[in-house]
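Secondary and tertiary structure notes
Chain residues, written in single-letter form:
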Amino acid sequence: MALAVGCRARPGKAGDNKTGSWRVFKPVFDHEKCSKCGMCQTLCPEGCIHETNEGFFDPDYAYCKGCGLCAVECPKNAIEMKQEEK
Amino acid sequence: MMQMTEGSHAVAEAVRLCRPQVISAYPITPQTHIVEALADFVANCKLDAEYITVDSELSALSACVGASAAGSRTYSATTSQGLALMNEVCFNAAGMRLPIVMSIANRAMGAPLSIWNDMQDSISMRDAGWLQFYSEDNQEATDLHFIAYKVAEDHSIQLPALVCFDGFILSHTYEPVDILSQDDADRYLPKFAPAERLDAADPISFGMYATPEYYLEFRYEMDRAQKRAKEVIAKAGKEFGTLFGRDYSALIEGYKIEDAETAIVAMGSICGTVKDAIDEMRADGKKVGLVKIRVFRPFPTEEIAKMLAHVKRVAVLDKNISLGSKGATALEVRDALYGTDGVSVKGYVLGLGGRDVRKRDIKAIVSLCEKGVGDQFYGLRQEVL
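Residues numbered from 1 in each chain as written. Chains lettered and ligands numbered in written order. Predicted model: local features only at pLDDT ≥ 70, side-chain atom pairs only at ≥ 80, totals over all residues.

The next thing to look at is the overall build of chain A. Within chain A, the regular secondary structure consists of two helices and four strands. Put simply, chain A runs from its N terminus to its C terminus through helices and strands in the order β-α-β-β-α-β. The C-alpha radius of gyration of chain A comes to 15 Å, more than 25% above the 12 Å expected for a compact globule of 86 residues. Referenced to the eigenvectors of the C-alpha coordinate spread, the extents of chain A come out at roughly 50 × 25 × 20 Å. The buried share of chain A, taken over its 86 residues, is 17%. (Helix = DSSP H or I, 4+ residues; strand = E, 2+ residues; numbered from the N terminus. Rg over C-alpha atoms; globule rule 2.2 N^0.38 Å. Buried ≥ 20, exposed ≤ 12 C-beta atoms within 10 Å, placed from the backbone.)

Right, dumping it as structure tokens:
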């Protein structure tokens, strides 16, 4: 996004704001351990986890803020939070 | 037309000629006569503007922020505690890049309460992002309002501007002032054409939210606009000179500085006293000169370094003090001359809270500077300490 003079902005959608940069810990999904229960997608407060064609789940890192709720609740411990270097 | 008039009324005339569409201000000594005169112009149809009466300076500048964002040329005036009360709005007005012009009749900051002159009020606002102009006399205070609007509204700048002049010393003093005709003023200052404005049919928000990935860059862009303003001020000042014979293209002015060994650096009405003192010291064989700072923001660092490169010593007069440090001008002049060999810079804090500064004081400061004594308050009454 290019800077607008005076931080002036036209009305937009929340989706225009990529919140992925807020993240400190990044959830890494291990499809080997995943039972495809979909708990992560149900609980994600950002609504950024989607189902793949194979029935697994992946986050959209452009929006994932790294809250870690999915990793805590995953019944198979298939999600690991890894510190991200930027 | 030349008129014998009070400084405040000359400024009010200049503001009227700039055709502000919205004025909001709260009366405070010694600014009161300006806003009284403007209220009178509006009430008597001599100025077609909305005059918004408010409960405080905070509200006054807030009203100006809204009006400016809506696309109006806006004006306010204040001093001292009034400016301090506007503080958070001042930062927002600059961050939103709104070209509000505000007059400051410079006055000391309380406590203790003082209604008299120094420059602590506007100097304390130096970091907010506003352009800052300082006037030596009422003619300059009057003319700088036209230039302030022209520069502030330039699309490459879009920053608010303070036009400062010493409270009472200028604001309440009668001097002959050449006031432009409305035709001349209109020729110099066209209608305000904002780059963007609030419009219900095409909604936009000003001064939105910046995450850590963006905030630093916003401040950088404001700093770049400040620095670009040097050229825009030079151009606007030159055009004023071409049209009306008074050239304000220089951010600083030298007086007998070319062959000076000791230079005085000062701002505001004190410069007149300094010039008289210099004339007398020159008659006694002392090579003294003056550098008058007209534009404090953007600070004319390179211009000062160039003008002072040849002198032996510099005495900087500050009608302000960053308590626990030094006067603001002394610090910045020393920064400008850092790395210039053989120039000693000494600061003198003086004239606070309306203490008179006379020719003999200027001469005494030059003597102190010659002895290498400085970075101190000048004129303290030891008997009360």
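Still to come is the rest of the account.
Trans is the prevailing form of peptide bonds, just as negative phi is the prevailing case for residues other than glycine. Note the cis peptide between Gly-110 of chain B and Ala-111 of chain B, where omega equals 0 degrees. With respect to the helices, strands and loops of the structure, Ala-111 of chain B is situated in the loop between β5 (101-106) and α6 (120-123). With a phi close to 50 degrees, Asn-77 of chain A is a non-glycine residue in the positive phi region. Note on placement: Asn-77 of chain A falls in the loop between α2 (69-73) and β4 (79-83). In this model, Ser-80 of chain B sits at a positive phi of 45 degrees, which is unusual for a non-glycine residue.

Residues and elements named next belong to chain B. At their nearest, the axes of helix α7 (residues 138-153) and helix α9 (residues 215-244) sit 9 Å apart, and the two run at 135 degrees to each other. On the basis of the axis angle, α7 is oblique to α9. Regarding α7 and α9, the two cross each other, and that crossing is right-handed. Together, Asp-143, Phe-146, Ile-147, Lys-150 and Val-151 of α7 and Ala-229, Val-232, Ile-233, Ala-236, Gly-237 and Phe-240 of α9 make up the contact between the two elements. In terms of residue class, the contact of α7 with α9 is made up of eight nonpolar, one polar and two charged. (Axes fitted to C-alpha atoms, helices over the stretch in contact; angles between N-to-C directions. Parallel < 35°, antiparallel > 145°, perpendicular 65-115°, else oblique. Left-handed = near helix turned anticlockwise from the far one by under 90°. Contact = placed C-beta atoms within 7 Å. Nonpolar A, V, L, I, M, F, W, Y, C, P; charged D, E, K, R; others polar.)

Another aspect to go through is the sheet that holds strand β10 (residues 262-266) of chain B. All names here are of chain B. The six strands are arranged β9-β11-β10-β13-β14-β15 in an open sheet whose pairing can be described as mixed. Edge strands, defined here as strands with exactly one partner in the open sheet, are β9 (252-255) and β15 (376-377). Across six bridges, the pairing between strand β13 (residues 313-318) and strand β14 (residues 344-349) is parallel. In the strand pairing of β14, Leu-317 is matched with Tyr-348. Sheet contacts for helix α11 (residues 301-308): β9, β10, β11 (288-293) and β13; angle to β9, the most-contacted strand, approximately 15 degrees. Packed on one face of the sheet, helix α12 (residues 328-337) meets β10, β11, β13 and β14 and runs near 150 degrees to β13. (Pairing = 2+ DSSP bridges.)

All names here are of chain B. Across its twelve residues, helix α13 (residues 359-370) extends 17 Å between first and last C-alpha, which sits within 8% of the 16 Å expected from 1.5 Å per residue. Packing partners of the buried residues in α13 comprise β10, α10 (270-283), β11, β13 and β14. Downstream of α13 by a residue or two, Gly-372 has a phi angle that is positive, lying close to 80 degrees. (Expected span 1.5 Å × (residues − 1).)

This next bit is on the sheet that holds strand β6 (residues 131-134) of chain B. Where strands meet in a sheet, backbone hydrogen bonds hold them as pairs that are either parallel or antiparallel. All names here are of chain B. An order of β3-β2-β4-β5-β7-β6-β12 is seen for the seven strands of this open sheet, with the pairing classed as mixed. This sheet does not close on itself; its edge strands, each paired only once, are β3 (50-52) and β12 (295-297). Neighbour-to-neighbour, the strand axes of the sheet open up by a mean angle of 20 degrees, direction not taken into account. The pairing of strand β2 (residues 22-24) with β3 spans three bridges and is parallel. Each bridged residue has a counterpart across the sheet, and for Ile-23 the counterpart in β3 is Tyr-51.

Turning next to the interface of chain A and chain B. If you look at the interface, chain A gives nine residues, while chain B gives 18 residues. Tallied by class, residues from the side of chain A that touches chain B come to five nonpolar, two polar and two charged.

All names here are of chain B. Split by domain assignment, chain B resolves into domain 1 (2-244) and domain 2 (252-384). Here domain 1 and domain 2 have C-alpha centroids that lie 27 Å from each other. Across the contact, 26 residues belong to domain 1 and 19 residues belong to domain 2. Those elements that place two or more of their residues in the side of domain 1 that touches domain 2 are α6, β6 and α9. Here the element with the most residues in the side of domain 1 that touches domain 2 is α9; it accounts for five residues. Taken together, the residues that form the side of domain 1 that touches domain 2 break down as twelve nonpolar, seven polar and seven charged. (Domains from an automatic or database assignment.)

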